[in-house]
Each structure stands twice: as structure tokens, then as C-alpha cells.
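Inside the fold
As a plain string of letters, each chain reads:
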Amino acid sequence: SKERVKTWFLTLKLKTNNTEHGTKKISKDQLIVRRGQRFTVKVELTQPFNPNLNPLTFTAVTGENPSEDLGTKSCFGMPDKIQRSPSAKAVWKVELEKGSNPPTGSLNLTITSPADTPIGKYNLTARHRDEETLLAELVVLFNPWCPGKLSFYLPTFNVNASIIFDSISCSLPAQFEEDMMKICLKMLDVNPKHLANAANDVSARCNPIYISRVVSAMINNNDDCGVLEGRWSAPFWGGTIPSHWSGSYPILKRWYNIGCHPVKYGQCWVFAGVMCSVMRLLGIPCRVVTNYQSAHDSNKNLIIDVYHADYGVREKETKDSVWNYHVWLECWMRRTDLGKDGKYDGWQVLDPTPQEKSDGVFCCGPASVKAVLNGETNLKYDAPFVYAMVNADCIDWLCKADGTMVNIFSDTKKIGQNISTKAVGSNTRLDITDSYKYKEDTMAHRLKTSRLRQRKRHCSLGKVGKLLRSFSQVFLFTCPGGDCNNYNCLSLPLSAPDLSIPILVPFLVYHKHMVGSDSMKISAVVTDKLEPRNVYLAVNDVILLNPPMSITVSKKLPSLCLINHYVDLFEVTVTLADCC
């Protein structure tokens, strides 16, 4: 762009700057730069440039009530003899580059924001003599290649950084969609912290830890006008079934268009996918992670407790639970707040799914993956909760009539299986379990667990058969939320060998729950008649397969919608016969 003023011309090299800053796919019409990295401006004066007589000064401001002390306003110039506040933060700079010719008034300038600049929208003005003009309305983003103390510096620049952002561009391109910048900046401006104190909120946007917690809270709508409303079971009236979303952009675009009201509906993978797109656009490297057999430890005791009555059925409600899988986000950043030696730098867990409150708000993280690996649950943020998601013990208790409880089953290996993310450069699965937990029974694992909790008595499913004296009860319930059904079995003789007992479960018992679920849980409670206090529990998940169907279409072709309906519900083979 080029603007004529009385005694000088300003040329903003939009295309060149956006290309060098890796933002040309985000916008072709707006200058978007990364902090700590210079961008170029061409200035042509109608008179020779004499910096001592007529200096060239600039001012960059962002947010409401910009302040040098808050780092939201910076005055700088050439020469840089600006009188600024002694406690000024985030001071920008301008330099004269090669190819400049001051005697003719031709100046090639580079402007650089510092590595701790708050991200967001800026107005950049320039003044020469008594003439001032708005040079640009630009956006400053985080910079993963800048070695500042608050950045996400990836030291092997030519390898790791390019690979990470190659993965970004090919796997989740939502950040390059139209208006994504406007949508994400709007999200920051409507968060509760900004509404409570806009000046402090904008100033804190220099910190990726702060931004990540704000975005984690804003993806769900539990505390604010967040993007998504969660729903984990039917009906999904008035919204979209979570599994029907195919991308982040339609969700974010709809949230913006309807006045920042929540979009219906989301579940963990939707929350994580939307947050991934937002964080990548803001310049924070991230990836989506899936954990199988993921624990939700509500009381932070690192144990998932399940309670049973003495007749086998779950009696006491508990907020603890185990998801068959759960999805969250990993973001790459430095953690100088945890240690100056870089020990906790790298991948950090962030979970926007509203499970538990953190500092009074439904958000989670960032929690250092390295801290989780070593069981350092005393570190912020939410390390105990994240540790439990991949490492909690599962304990089943039998609640006796006299109020006492007996440990009938313990499992220290079930939680945290096949932790996965997408491999860089391909659509294959990358197993990252070893970055979260040491292999069971290794010395490192034993040292870690000994610091955290006393190992519980473990009774494997194999031991249950050997200890069998009386097969007292079996109860069945669908997962999740199904009604329990008991199937009492006759007592077996003490000399009975290991055996299998077939139980017919009628379709009418479980068909209602199979509409939204494909699995049921089978549990067997075993009592030793010689030692009645010895009670054991065996549990297994049964996955139901869709019945195969074959449809032959003849003469008149039925409704395509009807065929698609059956294709979605069952494994259908469609044969077209006698059709034109």
C-alpha cells in the first residue's frame, strides 16, 4: 500500500512481509507479523533525511488505555532518543537498512517488536516533522522461532520448526480460513478476564501460558460465552451431533455470526480440535492427543473409586469415571515459571473439555508432560488431574451392610493406554505413551510410584478363576448409563475346576442403550466360601458388532436417503439389479 502525505511517501511491503513471517495464507489484505521478527517499510522523503534535525518516530499501541508500563504502547524512532517511562515494557525498535540513501530521502527501514510483545491487533503510526500518519493496522502473533524467554523457541530451527508447521498446514487448515483472525481475536476480547480488566488482560497476552488458559476456558461455555456447549448423550435437539462435525471452522464461524453464543454440541475431540485451530492461528505449535482408558479423577487422590453393594450392583454414586478414550491438546512452549534450566520446556497438556475447575474456571493446563512423566504432581497447572488421566489406579470397593468397605479389585495398569497423536507428514498414528509414563515394572516406574502412593493389592482376572469357590452373582449393564441386571448363579462345589458359565442376555434387555453405544460391561463378583472376606471382581467390556445386511435394488430405485440411512447403521452391501 502507498499513501501520499505532504513531504513523504510510505510503502508497506504487505506481500513480502507476510511471506517472510509465514502468514500469507492467513490474509492477503492485512499485515500479520510474528513478534521478535523484523518487517520492512519503505520511506521516501521529499527532502534529505537528517535524523538529528528531523527525527522519524513511530508509535505502536494495542488494546484499551495503552500504556508503556503495561507493554501495550511503545514509542521508538530513529534516532532512538525517545523519552519513555523508566519501567516501559516491550519496547520496539527501528533500524536503517542497506540500500538506503538518506541524502535523497530514500529509506529502507526494518521494524522489530520484542520477543515479549503482547499479541493482538496494533495501530502503528509514524511522525516526521509535524506530519503524522497511520502507517498500518497490523496483527502481532506468537513466534515459535524466536528465542525470547516467553516464546516457544525450537532450537533446531531448520528441522523441528518446519516439520511442526508443515504438520499444521496439512492436517488442520482451519486457521487459514476467511475471518479466522477476526474470530480468534474476538474470542480473546470477550473472555471474562478482558471484560473485568481490559488493560491488564491485553498486557498479559505477552505470555503463552496466560493465553493458553484463556483459550482453554473459552472453548467451552461453562463459565462464559464460550464457543461450544457440551453434551455426552442423546438427545441432541437444537444442535449438531458431535460426531457429525467435520472441521473447526464451521463451529467458530457460527459462534461468531450468532453473537458469541455457544454452538451445540461438542465432546472431547470437538473441544480439542477447535482449540488446536485457534492456538495454531495465534502462533503456538500444538497437536491433538488421544488417550485410551482415560481417568477422570474428581478428588485428586490419583485413584478411581467404584463402589458396589454386597449384592454386586453399584450402590454409591461417584464422580470418578473412566472414559474409553479422551482427547486433549499438547502445546509446545517454555516453562520458565517452573524452572530456569529448561527442565519442563516442551509439550504441555491443555484440555478444553469442561471436566473440573482450575482456579475457579473450567479449564485445564498447561501441565508439563515431563512433569507428568516423573510424577511431579505439585507443579502448576493441574498436574495431579493430568497425571491421573494416564496413571490413576482403579479400585473397586464392596460396601458391606455394617458400613465397612472391602477392596475387591485393584488395577494399576488399566489407565493410560496407547496414547496417540498424528505422525508428522503422514496420516499414521504415532504412539507417545512413553512420554507420559514409564513402562510398568521398570526401575524408573517403581521409583516414581513409590513417591506418589502405596501400591494397592492387585488381583488380576487370571487369579479370579483359580480362587473360585462360589460364583455368587453376575451383573450386566451397558456402557455408559445403562440399567443393571443381575443373573444369580448356583453355588459351585469346592472342588469345582475352572469353568465357563454361559449366560443368555436377551436383546430386549439392552437394545435401548445400544442406540448411542456399541459396548456393554460384564462384571462377575466371586466370593470365597471358606474365607467370606475374600471377595473378587472380574470386569470385561464386550463390543457389539453391527449385523451384516445385503440389499438388492431392482426396478425402481429407492430413496438414496433411505439407503444411506441403512449404510450408516449397519454393514450394508448394496447391489443394483435391473436398474437403468
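Residues numbered from 1 in each chain as written. Predicted model: local features only at pLDDT ≥ 70, side-chain atom pairs only at ≥ 80, totals over all residues. Heavy atoms only, no water.

1. Considering the pattern of salt bridges
Let me state the cut-off plainly: In what follows, salt bridge is the name for a side-chain nitrogen of Lys or Arg lying within 4 Å of a carboxyl oxygen of Asp or Glu. Each residue is placed in one exposure class: buried if its accessible area under a 1.4 Å probe, protein chains only, is under 20% of its type's maximum, exposed if it is over 50%, and partly exposed if it falls in between.
Per the stated rule, a full pass over the model turns up 14 salt bridges. For Arg 84, the salt bridge goes to Asp 80, with nearest N and O atoms at 3.0 Å. The class of Arg 84 is partly exposed, set by a relative accessible area of 26%. Of the charged contacts, one joins Asp 201 and Arg 205 as a salt bridge, the two residues approaching to 2.7 Å between their closest N and O atoms.

2. Quick word on the pairing of strand β13 (residues 286–296)
Defined as follows: In this text, helices come from DSSP runs of H or I with a minimum length of four residues, and strands from runs of E with a minimum of two, each type numbered from the N-terminal end. Paired strands, as defined in this entry, are two strands with at least two bridges between them according to DSSP.
Among the eleven residues of β13, eight are classified as buried, and the element is accordingly described as predominantly covered. Two strands pair when backbone bridges link them, and β13 and strand β15 (residues 321–333) are joined in this way by ten bridges, in the antiparallel orientation. Counterpart to His 296 in the pairing with β15 is Ser 321. Bridge count between β13 and strand β22 (residues 417–422): three bridges; the pairing is antiparallel. Across the sheet, the residue bridging to Val 289 is Thr 421, located in β22.

3. Some details on the UniProt feature "active site" (unreviewed entry) in the protein
Where we set the bar: UniProt positions are given in the numbering used here, feature names are shortened, and annotations may be inferred rather than shown by experiment. Should any heavy atoms of two residues lie within 4.5 Å, those residues are considered in contact.
Taken from the UniProt record, the annotation "active site" (unreviewed entry) applies to Cys 268, His 326 and Asp 351. For the annotated residues, spread through 84 residues, the largest C-alpha to C-alpha distance comes to 9.8 Å, consistent with a single compact locus. Within the element layout of this structure, Cys 268 appears in helix α8 (residues 268–282). Using a relative accessible area of 6% as the deciding quantity, one classes Cys 268 as buried. For Cys 268, the residues in contact, after removing those within four places along its chain, are Trp 232, Tyr 325, His 326, Val 327 and Thr 353. As for its placement among the helices and strands, His 326 is situated in strand β15.

4. Some details on the environment of Leu 10
Looking at the element boundaries, Leu 10 is found in strand β2 (residues 8–12). A relative accessible area of 5% means that Leu 10 is categorised as buried.

5. A short note on helix α10 (residues 383–391)
One full turn of an α-helix is made of 3.6 residues, so residues set three or four places apart face in the same direction. Within α10, eight of the nine residues are buried, leaving the element largely enclosed by the surrounding structure. Ala 383, Phe 385, Val 386, Tyr 387, Ala 388, Met 389, Val 390 and Asn 391 are the residues of α10 that are buried.

6. Let's talk about the nonpolar core
Selection rule: The definition of a nonpolar core used throughout is a set of buried Ala, Val, Leu, Ile, Met, Phe, Trp, Tyr and Cys residues joined through side-chain atoms within 4.5 Å. Domain limits in this description derive from either an automatic procedure or a database domain assignment.
Formed by 46 residues in total, the largest nonpolar core has its most connected members in Met 187, Val 215, Trp 255, Met 279 and Leu 282. Of all the elements in the fold, those that place two or more residues in this core are β10 (131–141), α3 (180–189), α6 (208–219), α7 (249–257), α8 and β15. In terms of residue count, α8 provides more of this core than any other element does, nine residues in total. Residues from two domains meet in this core; each of domain 1 (8–141) and domain 2 (207–455) gives at least three. Discounting residues that sit within four places of it in the chain, Trp 255 has contacts with Ile 183, Lys 186, Met 187, Val 190, Met 218, Cys 225, Gly 226, Val 227, Cys 260, His 261, Pro 262 and Val 263.

7. A closer look at the packing of aromatic side chains
To keep things clear, this is the line we draw: Two aromatic rings, drawn from Phe, Tyr or Trp (for Trp, its six-membered ring), form a pair once their centres lie within 6.5 Å of each other, and the interplanar angle then sorts them: stacked below 30 degrees, edge-to-face above 60, tilted otherwise.
Considering all chains together, one arrives at nine aromatic pairs under this definition. Arranged with centres 5.5 Å apart and planes meeting at 15°, the rings of Phe 58 and Phe 76 form a pair that is stacked. Highlighted residues: Phe 58 in strand β5 (residues 56–61) and Phe 76 in strand β6 (residues 73–78), separated in sequence by 18 residues. For the pair Phe 58 and Phe 76, a shared accessibility class is recorded, and that class is buried. For the pair Tyr 292 and Tyr 325, a centre-to-centre distance of 6.4 Å together with 50° between the ring planes defines the contact as tilted.

8. Let's talk about a positive patch on the surface
Quick reminder of the rule: What goes into a patch is any residue over 30% in relative accessible area without a salt bridge, connected to like charges within 9 Å or, for nonpolar side chains (Val, Leu, Ile, Met, Phe, Trp, Tyr), within 5 Å. The Shrake-Rupley method, run with a 1.4 Å probe, gives the accessible areas here. Residue values count only the displayed protein chains as cover. For this count, His and the chain ends are skipped, Lys and Arg are scored as positive, and Asp and Glu as negative. Where a charge lies is defined by one atom per residue type, namely NZ (Lys), CZ (Arg), CG (Asp) and CD (Glu).
Together, Lys 15, Lys 24, Lys 25 and Lys 28 make up a positively charged patch on the protein surface. Here Lys 25 shows up in the loop between α1 (14–20) and β3 (31–34).

9. Concerning the side chain of Asn 54
Here Asn 54 is to be found in the loop between β4 (39–45) and β5. When near neighbours in sequence (up to four residues on either side) are disregarded, Asn 54 contacts Phe 49, His 128 and Arg 129.

10. Examining the side chain of His 21
Inspection of the secondary structure assignment puts His 21 in the loop between α1 and β3. Beyond its immediate stretch of four places on either side in the chain, His 21 contacts Ile 32, Val 33, Arg 34, Gln 37, Arg 38 and Phe 39.

11. A few points about the sheet that holds strand β16 (residues 346–350)
What counts, and what does not: Simply put, an axis is a line fit to the C-alpha atoms, just over the touching stretch for a helix, and the angle between two N-to-C directions goes from 0 to 180 degrees.
The strand order β19-β16-β15-β13-β22-β23 describes an open sheet built from six strands, whose pairing is antiparallel. The open sheet is flanked by β19 (367–368) and β23 (429–431), the only strands paired with a single partner. With two bridges joining them, β16 and β19 adopt antiparallel strand pairing. When the sheet's bridge partners are listed, Val 349 is paired in β19 with Ala 367. The sheet strands contacting α10 are β13, β15, β16, β19 and β22, and the helix crosses β13 at an angle near 70°.

12. Let's talk about unusual backbone geometry
For the bond from Ala 234 to Pro 235, the omega torsion is 5°, close enough to zero to count as cis. Checked against the element boundaries, Pro 235 lands in the loop between β11 (228–230) and α7. Looking along the chain, the bond that leaves Lys 380 and enters Tyr 381 is cis, with omega of 0°. In this fold, Tyr 381 is placed in the loop between α9 (369–373) and α10. Its identity as a non-glycine residue notwithstanding, Ala 90 has a phi of 50°, on the positive side.

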